[in-house]
Structures are given as C-alpha cells and as structure tokens.
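Structural features, examined
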Amino acid sequence: MVARQQLSRGSSLAVVKVADRALVLGVTDNGVSLLADADAKLFPEPPPPENPVGQAMKLFRGQR
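In this text, all values refer to a predicted model and were calculated from it rather than measured experimentally. (Residues numbered from 1 in each chain as written. Predicted model: local features only at pLDDT ≥ 70, side-chain atom pairs only at ≥ 80, totals over all residues. Heavy atoms only, no water.)

1. A short note on the sheet that holds strand S2 (residues 11-18)
Spatially, 4 strands are ordered S1-S2-S3-S4 in an open sheet, and the strand pairing comes out antiparallel. Every other strand in the sheet has two partners, leaving strand S1 (3-8) and strand S4 (31-39) as the edge strands with one partner each. For this sheet the average axis-to-axis angle between neighbouring strands, irrespective of direction, equals 20°. In this structure, S2 lies alongside strand S3 (residues 21-28), joined through 8 bridges in antiparallel fashion. Among the inter-strand pairings, Ser11 is bridged to a residue of S3, identified as Thr28. (Pairing = 2+ DSSP bridges. Helix = DSSP H or I, 4+ residues; strand = E, 2+ residues; numbered from the N terminus. Axes fitted to C-alpha atoms, helices over the stretch in contact; angles between N-to-C directions.)

2. With respect to a nonpolar patch on the surface
A grouping of Leu7, Leu13 and Leu35 is seen on the molecular surface, where their side chains present a nonpolar patch of about 270 Å² in accessible area. With respect to the helices, strands and loops of the structure, Leu35 is situated in strand S4. (Patch = residues over 30% accessible without salt bridge, like charges linked within 9 Å, V, L, I, M, F, W, Y side chains within 5 Å. Areas by Shrake-Rupley, 256 points an atom, 1.4 Å probe, with all protein chains shown as cover. Salt bridge = Lys/Arg side-chain N within 4 Å of Asp/Glu carboxyl O.)

3. Details of the pattern of salt bridges
Applying the stated rule across the entire model yields 1 salt bridge. For Arg21, the salt bridge goes to Asp37, with nearest N and O atoms at 2.9 Å. Separated by 16 residues along the polypeptide, Arg21 in strand S3 and Asp37 in strand S4 bring together distant segments of the chain. Exposure remark for Asp37: the relative accessible area of 47% places this residue in the partly exposed category. (Buried < 20%, exposed > 50% of the residue type's maximum accessible area, 1.4 Å probe, protein only.)

4. A few points about unusual backbone geometry
Glycine aside, the phi torsion of most residues is negative, and most peptide linkages are trans. Positive phi, normally seen in glycine, also occurs at Ala19, with a value near 55°. Note on placement: Ala19 falls in the loop between S2 and S3.

5. Some points on the side chain of Ser11
Looking at where Ser11 falls in the secondary structure, it is placed in strand S2. Accessibility expressed as a relative area gives 17% for Ser11, which makes it buried. Polar side-chain contacts of Ser11 include one of 2.7 Å to the side chain of Ser8. Discounting residues that sit within four places of it in the chain, Ser11 has contacts with Gln6, Val27 and Thr28. (Polar contact = N/O pair within 3.5 Å; in protein donor to acceptor, adjacent residues only side chain to side chain. Contact = heavy atoms within 4.5 Å.)

6. Some points on the pairing of S2
Regular strands place side chains that alternate from one sheet face to the opposite one. Sheet topology note: the S1/S2 ladder contains 5 bridges and is antiparallel. Bridged to Gln5 within S2 is Leu13. Joining the antiparallel neighbours S1 and S2 is a turn of 2 residues.

In structure tokens, the structure reads:
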C-alpha cells in the first residue's frame, strides 16, 4: 500500500502498487472498487516505517 486516505467512518481511498501498476481503490464497508489504474512511477515509494524500538529510543532521548 502506497497511501490511504479516510473519507468517512466507512469509506476510504487507497493506492496500491501491483507490479508496475498503481491501483486507486475505493474501500467501503460493502466492498472494494477499482477507481483508476496508473503507472506506478507516478507514486513514489513511502519511507519504510520506523521500528517501535527506534521510536521509543527517540522519545527517551528527547526527555533527557
């Protein structure tokens, strides 16, 4: 998953990369719909999430 944006309590938009394609999906409580299909190069890779230990160390260091 490249990105996700909540629209309301039961709906959101998601961008998912599959091979060299980026799929824009509408997600609701009732299902998933393909809204658009684009070249994956249009959506840069998100930075990898930081591990929880690294986040805790940053918090600990910031409190000192």
